[in-house]
Amino acid sequence: LNKKIIHVNRTLKECQSVLEKYGFCRIHKSYLINVSRINEIKKGEAKGLIMQDGAKLEISPQYKEVLFSLLLQL
């Protein structure tokens, strides 16, 4: 996977408003992800998701419903 670091001088909320139309979704106050890069969604004690690059991320209850409704549209 090509990991290119891009520095942005914007809030995550501003980035979210621009990137939502490109398949990005907010899953936590600290995470904005590309939904097409989700590898696995974990339930139970180890709930969260695993991205294609192996990153394990927590899904906040606040954003969970939006994520799952977006996944159902795919």
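Relevant structure appears above.
Presented here is an overview of the structure given in this document. Small disclaimer: the values here were computed from a predicted structure and weren't measured. (Residues numbered from 1 in each chain as written. Predicted model: local features only at pLDDT ≥ 70, side-chain atom pairs only at ≥ 80, totals over all residues. Heavy atoms only, no water.)

## As for the overall build of the protein chain
Inference 1: Assigned secondary structure in the protein chain consists of 2 helices and 5 strands.
Inference 2: Reading the secondary structure of the protein chain in the N-to-C direction produces α-β-β-β-β-β-α.
Inference 3: By the compact-globule yardstick of 11 Å for 74 residues, the protein chain fits well, its C-alpha radius of gyration being 12 Å.
Inference 4: Seen through its C-alpha atoms, the protein chain measures out along the principal axes to roughly 35 × 25 × 25 Å.
Inference 5: Within the protein chain, contacts between residues separated by at least 24 positions form 34% of all contacts whose residues are at least 6 apart in sequence.
Inference 6: As presented, the protein chain carries roughly 6,100 Å² of accessible surface, and 50% of it is formed by carbon and sulfur atoms.
Inference 7: Side-chain charges in the protein chain split into 13 positive and 7 negative, and the spacing between the mean points of these groups amounts to 4 Å. (Helix = DSSP H or I, 4+ residues; strand = E, 2+ residues; numbered from the N terminus. Rg over C-alpha atoms; globule rule 2.2 N^0.38 Å. Contact = heavy atoms within 4.5 Å. Areas by Shrake-Rupley, 256 points an atom, 1.4 Å probe, with all protein chains shown as cover. Lys, Arg positive; Asp, Glu negative; His and termini not counted. Charge placed at Lys NZ, Arg CZ, Asp CG, Glu CD.)

## Considering the pattern of salt bridges
Inference 1: For the structure shown, the criterion picks out 1 salt bridge.
Inference 2: When the shortest N-O distance is used, the salt bridge between Glu40 and Lys42 registers 3.2 Å. (Salt bridge = Lys/Arg side-chain N within 4 Å of Asp/Glu carboxyl O.)

## Digging into the nonpolar core
Inference 1: Listed in full, the 10 residues of the largest apolar core are Cys25, Ile27, Ile33, Val35, Ile38, Leu49, Met51, Leu57, Ile59 and Leu67.
Inference 2: Going through the elements one at a time, β1 (24-28) and β4 (48-51) are the ones with two or more residues in this core.
Inference 3: What Ile38 contacts, discounting residues up to four positions off in sequence, is Ile33, Leu49, Ile50, Met51, Leu67 and Leu71. (Core = buried A, V, L, I, M, F, W, Y, C linked by side-chain atoms within 4.5 Å. Buried < 20%, exposed > 50% of the residue type's maximum accessible area, 1.4 Å probe, protein only.)

## Some remarks on the sheet that holds strand β3 (residues 38-42)
Inference 1: One open sheet holds the 3 strands; their spatial order is β3-β4-β5, and the pairing between them is antiparallel. Taken across any chain shown, the strands that pair with only one partner, and hence form the sheet edges, are β3 and β5 (56-57).
Inference 2: Where β4 meets β5, 2 bridges bridge the pair, whose relative direction is antiparallel. Residue pairing across strands places Ile50 opposite Lys56, the latter belonging to β5. (Pairing = 2+ DSSP bridges.)

## What about the environment of Gly54?
Inference 1: The topology assignment puts Gly54 in the loop between β4 and β5.
Inference 2: Distance from Gly54 to Ser17, taken between C-alpha atoms, is 26 Å for residues 37 residues apart in sequence.

Just geometry here; none of it tells us what the structure is for.
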